[in-house]
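# Structural features, examined
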Amino acid sequence: LNVDKAIPLEGEALAALAGKLARDEKGLDDYPEKLPAIPLFSDLDEESFAAVLRDLTLTRLAGDGVVINEWEQGNSFFLLARGHVEVRKKVGSESLVLARLNDGAVFGEMALVSNEPRSATVRALSHLELLELSRGDLERRAKELANVQKALRKFTRARMLNNLMALSTVFRTLPAAERHRLLDRFVSMDMSKGQVIIEEGKKGLGLFVVLRGDVEVKKKEGETLVPLALLREGDVFGEISLIKDTPTTATVIGGSDGELLYLSRSEFEDQVRQNPDLWKTLTGIGDERLAETSRLMSETGFLSDDEFVLL
């Protein structure tokens, strides 16, 4: 535009001009002959990959901006064609860095697959050139892009496991090699909303970690179920009855459809014998949980100061 003769724009005219400038490829740097490896697309056949390319939309963003916000609804995923981003997740009062991603990385796929809000915030660390594929395109061409959806689910699960090791206190306090070794001993367990996972008064079955979804922890007092906690991705439960070798005195119920990782009692005993740091970590988690449970139950009037609840 000639600044001296520019006519102020607003409304649809301004939106149209912004869209035109955003799609303008003039001035873009030449791309390398060979693109970085993209794990998500490595499982696609040539036809499926071509279908993806047809539907990708180019977006350019200035540095130091937010690409996606944690908890907002996700309607697309992104391929980072050029630039650097940081992935952060809010855990209690902390903001944990899960990853720093560079050229060729994929992000935003988890909300697209699960239909749940974004699980982390992604912020630009430099100017970005992003390729975006929307939920609408996936749904509109579901049959043609079926292999893409299958690859997304596989890629998402791998990402969730990596996030778990970064988020969960059980894993993140261990050396990298120990994290993977321990994770290999867990088995996957589907969870449905309302499913009783741990029943009050029963022998502890094993150690559980929330991979996807959330669980509700409740204590029965007469005919009343008193809510104690809501546990989410990366949280562990079931450890206290294993460490103390006592029956459980709280109930854990699936708060949503999701997935748990489960380590049996015998596997747990074997793992803590091999790894004293794991025992120390779980004991610390258990002690904190006992103190918090005692406080909550005392406030509700269901528990005297010298009692406590075990999971």
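Read on for a plain summary of the structure.

A few words on the sheet that holds strand S8 (residues 128–134). Taken together, the 4 strands give an open sheet; going across it, the order is S1-S8-S3-S6, and neighbouring strands pair in antiparallel fashion. In this open sheet, the two strands that pair with only one neighbour each are strand S1 (57–61) and strand S6 (106–107). Note that strand S3 (residues 76–82) and S8 share 6 bridges and pair antiparallel. Bridge pairing in S8 places Leu79 opposite Leu131.

Right, let's get into the packing of aromatic side chains. Tallied over the entire structure, the rule returns 3 aromatic pairs. Ring centres of Phe78 and Phe107 lie 5.4 Å apart, and the angle between their planes is 20°; on these two criteria the pair is classed as stacked. Pair noted here: Phe78 is in strand S3 and Phe107 is in strand S6, with a separation of 29 residues, a long-range link. Judged by centre distance (5.0 Å) and plane angle (35°), the rings of Phe208 and Tyr262 are tilted. Of the two residues, Phe208 is situated in strand S11 (residues 206–212) and Tyr262 in strand S16 (residues 258–264); the sequence distance between them amounts to 54 residues. You can call Phe208 buried: its relative accessible area is 2%. Three or more aromatic residues link up through ring pairs in this structure, and these residues are Phe208, Phe237 and Tyr262. The ring of Trp71 has Lys89 lying over it, and the distance from NZ or CZ to the ring centre is 5.8 Å.

The strand order across the open sheet built from 4 strands is S10-S15-S12-S13, with neighbouring strands paired in antiparallel fashion. What marks the edges here is a single partner per strand, and that holds for strand S10 (196–198) and strand S13 (224–231). The mean angle between the axes of side-by-side strands here comes to 35°, regardless of whether they run parallel or antiparallel. Strand direction decides the pairing type here: strand S12 (residues 215–221) and S13, joined by 7 bridges, are antiparallel. What sits directly across from Val215, in S13, is Leu231.

Analysis parameters
- Residues numbered from 1 in each chain as written.
- Predicted model: local features only at pLDDT ≥ 70, side-chain atom pairs only at ≥ 80, totals over all residues.
- Heavy atoms only, no water.
- Pairing = 2+ DSSP bridges.
- Helix = DSSP H or I, 4+ residues; strand = E, 2+ residues; numbered from the N terminus.
- Phe/Tyr/Trp six-rings, centres within 6.5 Å; stacked < 30°, edge-to-face > 60°.
- Buried < 20%, exposed > 50% of the residue type's maximum accessible area, 1.4 Å probe, protein only.
- Lys NZ or Arg CZ within 6 Å of the ring centre and 35° of its normal.
- Axes fitted to C-alpha atoms, helices over the stretch in contact; angles between N-to-C directions.

The values are spatial; any link to function lies outside them.
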